[in-house]
Amino acid sequence: MKTLYVIRHAKSSWDAMNVDDFERPLNERGKRDAPRMGKRLKEKEIHPDLMLTSPAKRALSTSKRIAKILGYPKENIKTDRQLYHPDEETILAVVQGLKDKCNQVVLCTHNPGLTDFVNTLMNGEFDIDNIPTSGVVALQFDVEHWSDVNWGQGKILFFDYPKSKED
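Residues numbered from 1 in each chain as written. Predicted model: local features only at pLDDT ≥ 70, side-chain atom pairs only at ≥ 80, totals over all residues. Heavy atoms only, no water.

### Some thoughts on the overall build of the protein chain
A count of helices and strands for the protein chain gives four helices and six strands. For the protein chain, the succession of helices and strands along the chain, N to C, is β-α-β-α-β-α-β-α-β-β. Structurally, the protein chain occupies a C-alpha span of about 45 × 30 × 30 Å along its principal axes. Here the protein chain holds 167 residues, and 50% of them are scored as buried. Accessible surface, the protein chain: about 8,400 Å² in total, of which carbon and sulfur atoms supply 45%. Charge separation in the protein chain, taken as the distance between the mean sites of 25 positive and 25 negative side-chain charges, equals 8 Å. (Helix = DSSP H or I, 4+ residues; strand = E, 2+ residues; numbered from the N terminus. Buried < 20%, exposed > 50% of the residue type's maximum accessible area, 1.4 Å probe, protein only. Areas by Shrake-Rupley, 256 points an atom, 1.4 Å probe, with all protein chains shown as cover. Lys, Arg positive; Asp, Glu negative; His and termini not counted. Charge placed at Lys NZ, Arg CZ, Asp CG, Glu CD.)

What follows is the structure, given as structure tokens:
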């Protein structure tokens, strides 16, 4: 059994228009929401074997804030350039390439590919219009090897995002 926690990076800042997209930082809301979602994951007793993220500043920052709450060493967070604005096929390829020793993986990346990826994995079981910033979708796969994960196999465990409830 493999479990994937898919996270959309927290809200980023558009204040400095001269900043390259890759370097955009989190805004104040993003800095609040990322640890808030980390707290919700901790309450669900999530203990990832791996945290993998886009190397974009806003995604890496989101991952570090969540890792801190979960007690996951931030120096163990892995980045993958393929996760910077990927399409759903690219995300699937990254997932299929994960090491099998990791049973619980947190993956942080960007929309629109992220929402498309999740919906295609669930094959209509649960349709999400848009994963909002800091949103988390937990999916479980009845497979032994990440390489066996494919479209339509994901079973949703939960979908949560900052505005879904008050903390």
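### Describing the packing of aromatic side chains
In this structure the tally under the stated criterion is five aromatic pairs. Consider the rings of Y5 and F158, whose centres lie 6.2 Å apart with planes at 35 degrees: the pair is tilted. Here F158 lies in strand β6 (residues 155–160) and Y5 lies in strand β1 (residues 2–8), a separation of 153 residues in the sequence. Residue classification places F158 among the buried residues on the basis of a relative accessible area of 15%. An angle of 70 degrees between the planes, with centres 6.0 Å apart, marks the rings of F117 and W151 as edge-to-face. (Phe/Tyr/Trp six-rings, centres within 6.5 Å; stacked < 30°, edge-to-face > 60°.)

### With respect to the side chain of R40
When you line up the elements, R40 lands in helix α1 (residues 28–43). Side-chain polar atoms of R40 contact the side chain of D160, separated by 2.7 Å. (Polar contact = N/O pair within 3.5 Å; in protein donor to acceptor, adjacent residues only side chain to side chain.)

### Focus on the nonpolar core
With 47 residues, the main nonpolar core has L4, V95, F117, V118, L139 and W146 as its most contacted residues. Those residues in contact with L139 that lie beyond four places of it in its chain are K2, T3, L4, V6, V118, L121, M122, K155 and I156. (Core = buried A, V, L, I, M, F, W, Y, C linked by side-chain atoms within 4.5 Å. Contact = heavy atoms within 4.5 Å.)

### Details of the pairing of strand β4 (residues 104–109)
The buried count for β4 comes to five of six residues, which makes it a mostly enclosed element. Taken together, the six bridges between β1 and β4 define a ladder with parallel strand orientation. Each residue of the ladder has a partner; that of I7, found in β4, is C108. (Pairing = 2+ DSSP bridges.)

### Comments concerning α1
Over its 16 residues, α1 runs 23 Å from end to end, which matches the ideal 22 Å to within 8%, given 1.5 Å per residue. Among the residues of α1, those classed as buried are G30, D33, A34, M37, G38, R40 and L41. End-on, the buried residues of α1 take up no more than an arc of 160 degrees, which puts them together on one face. Those residues of α1 that are exposed and angled more than 90 degrees off the buried face are E28, R32, K42 and E43. The inward-facing, buried residues of α1 contact β1, α2 (57–70), β5 (136–141) and β6. Its side-chain oxygen 3.1 Å from the backbone nitrogen of R29, N27 forms the N-cap of α1. (Expected span 1.5 Å × (residues − 1). Arc of directions from axis to C-beta.)

### Thoughts on the state of the cysteines
When the sulfur atoms of two cysteines share a covalent bond, that bond is a disulfide. Under the defined criterion, the tally for this structure stands at zero disulfides. Not part of a disulfide, C102 finds its nearest cysteine sulfur in C108, a span of 17 Å. The buried category is assigned to C102, whose relative accessible area is 8%. (Disulfide = S-S within 2.5 Å.)

### Some thoughts on the environment of T90
Following the sequence through the fold, T90 ends up in helix α3 (residues 88–96). Sequence separation of T90 and G113 is 23 residues, and the distance between their C-alpha atoms is 8.7 Å.

### Comments concerning helix α4 (residues 113–122)
Of all ten residues in α4, eight are buried; the element is thus mostly enclosed. Within the sequence span of α4, burial applies to G113, L114, T115, F117, V118, N119, L121 and M122. The inward-facing, buried residues of α4 contact β1, α3, β4, β5 and β6. Positive phi appears at N123, one or two residues downstream of α4, with a value of about 50 degrees.

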